[in-house]
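Notes for the structure review
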Amino acid sequence: MKDAKKFDVVEIIEHFSLVGHFEGAIQYGNGYINDTFLLITRDGDERYKYILQRINHNLFKDVAKLMNNIELVTKFCKKSVIKLGGNPNKEVMSIIYTKEGKNFYFDGYNYFRMITFIDNSFSYDIVSDEKVFYNSAVAFGKFARLLDGFDASKLYDVLPNFHDTRVRLETFKKSLEKDVCNRKAEVEKEINFVLEHADLAPLLYDKLEKGEIPLRVTHNDTKCNNVLFDKDTKEALAVIDLDTVMSGCLAFDFGDAIRSGCNSSTEDEKDLQKVYFRFDLYKAYAKGYLEVLGDLINEEEKLSLPLGAIIMTYECGVRFLTDYLDGDVYFKTSKPKQNLYRARTQFKLVKDMLDLYEEMKEVILNN
Ligand code: ADP
Ligand code: GN1
Ligand code: MG
């Protein structure tokens, strides 16, 4: 197989319906999964920007079905936005089609998609501002509302069991057994944390399976850098990274947003003294999310949200630690032990949240 990393941007973009001619492309953003580029084209004096992504084909095995999901979801959201009197092109991410009318391009080795660049935007890896985080909650709450009524059976299950923490735990145990990189001895403390908190793993799925909370269409990767904000107004502009849109429960989306946004430091912070749960930000997010969801959510489902925050954080820590044991094969890393540092921050946040769980529930019930 040809080196999958090597491709010629100019050759690739020729296949898409773009305005202008290629001027430049740079790597963009801090995603862990796909390769993202900001592409600039020029037509006379005018410059145009696009987002070009090489889709992680190791992970997403059926790119055609994945892209079909994104097309269905964005089309449905656009219709809902129009019904509500909004601007669909501004509020929903748009796919740019190839000259043949396809929603991705395959060059024989790599899969590429093009999406509209959301200009004058920023995303954050550390949230500092309550207003911004509140707006992020409004964006994800709105995303859930816009998709209310969408027939989940139309969606291909891109990554089966993605948020089934029970399955994540089993995968972790298998990696532990194999210990392919001989890293087990070094992470004994973290392993013990995972095993001591294993009773968390089934709690959300138990609720789903008993019918206590509903199955919905969810984003499933609501990390804070998957929403873009206007640089000037600090309003949320669009929810991005729709690769994992599948059926799930609201607690997955709320939980992952809290996991990533309420961390006082970066996800891979080495110094755990700097890592603590930002309860002030949690309150801001809960307010925004529940304001938008309104009567769409009952008390039982509301109470699953803080539990989701703990479980999603635990799950993510388990995934980082699994990847560390496996030799860093899933999440992109740029320095040694990064997945271990990431796992540690998650476990610190789980500890903080378990201490604050009663207060977290209270906030939800008071909104
Ligand atoms: P990954 O799955 O690797 O996380 P994303 O789709 O989240 O890939 O893209 C990575 C980053 O690129 C985002 O966090 C964001 O900063 C930036 N980005 C992605 N899409 C857009 C867009 N349409 N406009 C502006 N920035 C974007
Ligand atoms: C990945 O794709 P990205 O970088 O937004 C991962 C999430 C994790 C997150 C941890 C498809 O998110 O599940 O929670 O890293 N996405 C996938 O930062 O596995
Ligand atoms: Mg992303």
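Structure's up top.
Values in this document were obtained by computation on a predicted structure and should not be read as measured data.

Describing the overall build of the chain
Broken down by element type, the chain carries 11 helices and 11 strands. Computed over the C-alpha atoms, the radius of gyration of the chain is 20 Å, within 12% of the 21 Å expected from 2.2 N^0.38 for a compact globule of 367 residues. Along the three orthogonal principal directions, the C-alpha set of the chain runs to about 60 × 50 × 40 Å. Every one of the 367 residues in the chain was classed for burial, and the buried ones make up 53%. Within the chain, residue pairs in contact and separated by at least 24 positions form 73% of the contacts whose partners lie at least 6 positions apart. Carbon and sulfur atoms form 49% of the exposed surface of the chain, whose accessible area is close to 16900 Å².

Focus: the environment of Y156
Within the secondary structure layout, Y156 lies in the loop between α4 (130-146) and α5 (165-178). For Y156, the contacting residues outside a window of four places in its chain are D62, K65, L66, N69 and M246.

Some thoughts on the coordination of the magnesium ion (ligand 3)
Only N226 (OD1) and D241 (OD) from the protein reach the magnesium ion (ligand 3) as donors, at distances of 2.2 Å. With a gap of 15 residues between them, N226 in the loop between β8 (216-218) and β9 (227-230) and D241 in the loop between β10 (236-239) and β11 (246-248) connect regions that are remote in the sequence.

Let's talk about the site of ligand 1
Inspection of the region around ligand 1 gives 19 residues, with N34, Q53, T116, N225 and D241 positioned closest. Between I118 and ligand 1, the recorded distance is 3.0 Å, taken from a backbone N or O atom to a nitrogen atom. Those elements giving two or more residues to the shell around ligand 1 turn out to be β3 (46-55) and β6 (111-116). A breakdown of the residues in the shell around ligand 1 according to their chemical character gives 9 nonpolar, 9 polar and 1 charged. Taken domain by domain, the shell around ligand 1 gets at least three of its residues from each of domain 1 (9-119) and domain 2 (130-365).

Some remarks on the environment of D230
By the secondary structure assignment, D230 is in strand β9. Look at D230 and you get buried, because its relative accessible area is 16%. C-alpha of D230 to C-alpha of S121: the two residues are 109 residues apart in sequence and 4.7 Å apart in space. Sequence-distant contacts of D230, that is, excluding residues within four places in its chain, are made with N120, F122, E235 and L237.

Some details on the pairing of β9
In β9, alternate side chains face the same way, and those of V227 and F229 on one face and L228 and D230 on the other are all buried. As paired strands, strand β7 (residues 121-122) and β9 are joined by 2 bridges and run antiparallel to one another. Looking at the pairing, F122 lines up with F229 of β9. Note that β9 and β10 share 3 bridges and pair antiparallel. Bridge pairing in β10 places F229 opposite A236. Where β9 hands over to β10, the hairpin turn is made up of 5 residues, of which K234 adopts a positive phi near 65 degrees.

Cut-offs used in this document
- Residues numbered from 1 in each chain as written.
- Chains lettered and ligands numbered in written order.
- Predicted model: local features only at pLDDT ≥ 70, side-chain atom pairs only at ≥ 80, totals over all residues.
- Heavy atoms only, no water.
- Helix = DSSP H or I, 4+ residues; strand = E, 2+ residues; numbered from the N terminus.
- Rg over C-alpha atoms; globule rule 2.2 N^0.38 Å.
- Buried < 20%, exposed > 50% of the residue type's maximum accessible area, 1.4 Å probe, protein only.
- Contact = heavy atoms within 4.5 Å.
- Areas by Shrake-Rupley, 256 points an atom, 1.4 Å probe, with all protein chains shown as cover.
- Donors = N, O, S within 2.8 Å, 3.2 Å for Na, K, Ca; no water.
- Near = heavy atom within 4 Å.
- Polar contact = N/O pair within 3.5 Å; in protein donor to acceptor, adjacent residues only side chain to side chain.
- Nonpolar A, V, L, I, M, F, W, Y, C, P; charged D, E, K, R; others polar.
- Domains from an automatic or database assignment.
- Pairing = 2+ DSSP bridges.

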